[in-house]
Amino acid sequence: AMSGTVLLGTPIAVDFWSLRRAAGARLFFLSHMHSDHTVGLSSTWNRPLYCSPLTARLLHRRLQVGVSRPPRPSSPRHPHLPHPTLISRTPPPACPNPCHLPCPALTPRPLQVPMCWIRPLEVGQSHVVGEVTVTLIDSNHCPGSVMFLFEGTFGTILYTGDFRYTSAMQCEPVLRGRHIDRLYLDNTHCHPQRALPSRALATRQAARLIRAHPQHHVVIGVYTLGKETLLVDLALEFSTWVVVSPWRLEQMRLLELPDVFTAEEGAGWIRAVDVAEIRRDTLVTWNTLHPTIAIIPTGRPVKVTHPNIHLIPYSDHSSFAELREFVKWLKPCSVIPIVKGDMCQVYFQEYLSSAPQVLPDFKVSKPVQESGQQPSQRMGLKPTGLWKRAPRSSGPRGVVYESPEKSTEALEVFIDVKVPQDNCEPALCSKEGCTCCRGDTEELSGEQLGTAGAASVSTEHLATGFAEQYLLTPLNVLKQNSSQTFDQMVEDFFRKGDTP
């Protein structure tokens, strides 16, 4: 599913790579490298792509897959860790996957985006791109992930992308006291029952679980990008190396993380594997060789298929309480959910600013046309109603850097079931709020517009432009209009459209 958005009334598209559907967009931004944010990127891409320097390096690395190059010399070992050959809890077991060679199905596929189109922008600085000023802000989600602050004739827009809020974000100079017309918000956990602990608290919970199994080896299921901080913290806590695949080790060096990772089998008793390897059959195999527990750090409920699989509520997305704190501090004029189909604005209405809002101008520049496409091919297409669901796309999937909280492919056998309370944090668990005590429903994809169950509005009876403008108007402004005023606005809009 595509998680990107074309910002209405602007020339900007974020994580949106379908030129045919990106009407009016000329400036394309990539927030981070998870696969649901790169859907549509391929060798045919021929526009400048703006992102953080670290995301640019990850993109470049994807272009180098399969290219022969000399091995990188080992960096100095971390001072707190002895040489890996000296570390062992008990004799290491034989690995079911020798050398942890990356399986083709689990290895990120090359994007093959020409390097000339990748334009890194420094984080924390303002840049003028075309007629837009953009500032990149660390989003605290995964390595290289950023928020975008856009400024232009359309007003001021903050696009969070996937982010984990911390109070330190209030110290960002570019955000302090800033008037925000539109806030595009990561609403992955925008529900009162999404009571997630901080990542520091979840890390301590994982450490207690490991100490409770002193004779066990530990396998941690992670995606190809994300949760690196958790692995580093556990390695330093227990003075052991984290064994990873050669492919992942190369990426850890690219990310310039502390040197606590090794590809040497048996060097440490904590291993990081792809989360898809955490299954009942693999746990059975591992435990026939040596007592082993598996940890899945995730903020969503998943199915536990073996008693030695443990869930830790470690999330890279903001909890509901954190989202409320963020919006309350920022005081935007309006909130637009990034995850389509979850209209969460009702939770933030009391925190919205009553200051005048710059509404989008829908008469932006000409749409981008795909290479080789004639203008006549675009003529005669009917506009799609705002509430109408878009057809499912079968375009290229993009780089397989899965998004831990939203990806449903790698963990499809775990979805829609309750999570046992074995690993609950007592101070955080409650009947109403604990995510360990309830099920979850599958989220609508990023390509689906409108609310769940909302009826489609015929484009023959409602002009798309007016619908978009009306829906982007803050509720406190709409409340000032009587029904007669609204009817007059509709009549004026259609009368204006009939004028030659």
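- Per an unreviewed UniProt entry, the chain goes by 5' exonuclease Apollo and derives from Cinclus mexicanus.
- Under the Sequence similarities (unreviewed entry) heading, UniProt states for the chain: "Belongs to the DNA repair metallo-beta-lactamase (DRMBL) family."
- For the record of the chain, the UniProt heading Catalytic activity (unreviewed entry) holds the text "a beta-lactam + H2O = a substituted beta-amino acid".

## What about the overall build of the chain?
Consideration 1: In terms of regular secondary structure, the chain is built from nine helices and 17 strands.
Consideration 2: Burial status across the chain gives 51% buried among its 500 residues.
Consideration 3: Counting contacts in the chain only where the partners sit at least 6 residues apart, residues at least 24 apart contribute 74% of the total.
Consideration 4: Accessible area of the chain: about 22,900 Å², with a carbon and sulfur share of 55%.

## A look at the pattern of salt bridges
Consideration 1: A full pass over the atoms with the stated rule returns eight salt bridges.
Consideration 2: One network of salt bridges, with partners in common, ties together R199, K227 and D316.

## Re the side chain of S52
Consideration 1: Its location among the elements puts S52 in the loop between β4 (49-51) and α1 (53-63).
Consideration 2: The class of S52 is buried, set by a relative accessible area of 2%.
Consideration 3: The residues touching S52, leaving out its near neighbours within four places in the chain, are P120, L121, V123, L136, G144 and V146.

## A short note on the sheet that holds strand β8 (residues 146-152)
Consideration 1: As summarised here, the arrangement of the six strands in space is β6-β7-β8-β9-β10-β17, forming an open sheet in which the pairing is mixed. Whereas interior strands pair on both sides, the edge strands pair on one side only; in this sheet they are β6 (126-129) and β17 (335-337). Strand-to-strand twist in this sheet, taken as the mean axis angle between neighbours without regard to direction, amounts to 20 degrees.
Consideration 2: By the bridge criterion, four bridges tie β6 to strand β7 (residues 132-138) in an arrangement that is antiparallel. What sits directly across from V129, in β7, is V132.
Consideration 3: On the sheet, helix α6 (residues 320-330) packs against β9 (155-159), β10 (182-185) and β17 and is oriented at approximately 165 degrees with respect to β10.

## Considering helix α3 (residues 228-238)
Consideration 1: Buried within α3 are the following residues: E228, L230, L231, V232, L234, A235 and F238.
Consideration 2: Note on α3: the residue one or two positions beyond its end, S239, has a positive phi of about 50 degrees.

## Remarks on unusual backbone geometry
Consideration 1: Located in the positive-phi region is K227, a residue other than glycine, with phi close to 70 degrees.
Consideration 2: Locating K227 in the fold gives a position in the loop between β11 (217-222) and α3.
Consideration 3: When its relative accessible area of 4% is taken as the criterion, K227 is described as buried.
Consideration 4: A positive phi angle is found at S239, which is not glycine, with a value near 50 degrees.
Consideration 5: Relative to the elements of secondary structure, S239 occurs in the loop between α3 and β12 (242-243).

## Let's talk about α6
Consideration 1: F320, E322, L323, F326, V327 and L330 are the residues of α6 that are buried. Relative to the axis of α6, the buried residues are bounded by an arc of 160 degrees and lie together on one face.
Consideration 2: Packing partners of the buried residues in α6 comprise β9, β10 and β17.
Consideration 3: Following α6 by one or two positions, K331 has its phi on the positive side, about 50 degrees.

## Quick notes on the nonpolar core
Consideration 1: Core analysis: the biggest nonpolar cluster contains 27 residues, and V218, I220, L234 and F261 have the highest contact counts within it.
Consideration 2: The set of elements that each furnish at least two residues to this core consists of α2 (199-211), β11, α3, α4 (246-254), β14 (270-274) and β15 (292-297).
Consideration 3: Top element by residues in this core is α3. It accounts for six residues.
Consideration 4: With residues up to four places along the chain from it excluded, the contact list for V218 reads I210, W269, I270, R271, I293 and I295.
Consideration 5: Residues L185, V327, F348 and Y351 belong to the second largest nonpolar core, which totals 23 residues.

## Brief notes about the packing of α2 against α3
Consideration 1: The contact between α2 and α3 brings their axes to 10 Å, and the two run at 45 degrees. The pairing of α2 with α3 is recorded here as oblique in orientation. Crossing hand, α2 versus α3: right-handed. Seen from α2, the contacting residues are T203, A206, A207, I210 and R211; seen from α3, they are L230, D233, L234, E237 and F238.

## So, the environment of V129
Consideration 1: The residue V129 is located in strand β6 in this model.
Consideration 2: Accessibility expressed as a relative area gives 5% for V129, which makes it buried.
Consideration 3: Sequence-wise, V129 and Y50 are 79 residues apart; in three dimensions their C-alpha atoms are separated by 9.3 Å.
Consideration 4: Excluding residues within four positions of it along the chain, V129 makes contact with L27, Y50, L121 and V134.

What counts as what
Numbering of residues starts from 1 in every chain and runs along the sequence as written. Reporting in this predicted model follows two pLDDT cut-offs: at least 70 for local features of residues, and 80 or more for side-chain atom pairs to be given and counted; totals over whole chains, interfaces and linings ignore these cut-offs and use all residues. Only hydrogens and water are removed before side-chain values are computed, so all heavy atoms of the structure are retained for them. UniProt positions are given in the numbering used here, feature names are shortened, and annotations may be inferred rather than shown by experiment. Secondary structure elements follow DSSP: runs of H or I of four or more residues count as helices, runs of E of two or more count as strands, with numbering from the N terminus. Under the scheme applied here, a residue whose accessible area is under 20% of the maximum for its type counts as buried, over 50% as exposed, and between as partly exposed, the area being computed with a 1.4 Å probe on protein chains only. By definition in these notes, contact holds between two residues if any of their heavy atoms fall within 4.5 Å. Note that accessible areas follow from Shrake-Rupley with a 1.4 Å probe, and for residues the cover is restricted to the protein chains shown. Each salt bridge in this description consists of a side-chain nitrogen of Lys or Arg and a carboxyl oxygen of Asp or Glu lying within 4 Å of one another. Here, any two strands with at least 2 DSSP bridges between them count as paired. Where helices are involved, their axes are fitted lines through C-alpha atoms of the stretch in contact, as for all axes, and angles between N-to-C directions lie from 0 to 180°. Relevant arc is that of directions from the helix axis to the C-beta atoms, nothing else. For this analysis, a nonpolar core means a set of buried residues of the types Ala, Val, Leu, Ile, Met, Phe, Trp, Tyr and Cys, connected via side-chain atoms within 4.5 Å. Should an angle lie under 35 degrees it is considered roughly parallel, over 145 roughly antiparallel, and from 65 to 115 roughly perpendicular; all remaining angles are considered oblique. By the definition used in this description, the sense in which the near helix is turned from the far one sets the handedness, with an anticlockwise turn below a right angle giving left-handed and a clockwise turn giving right-handed.

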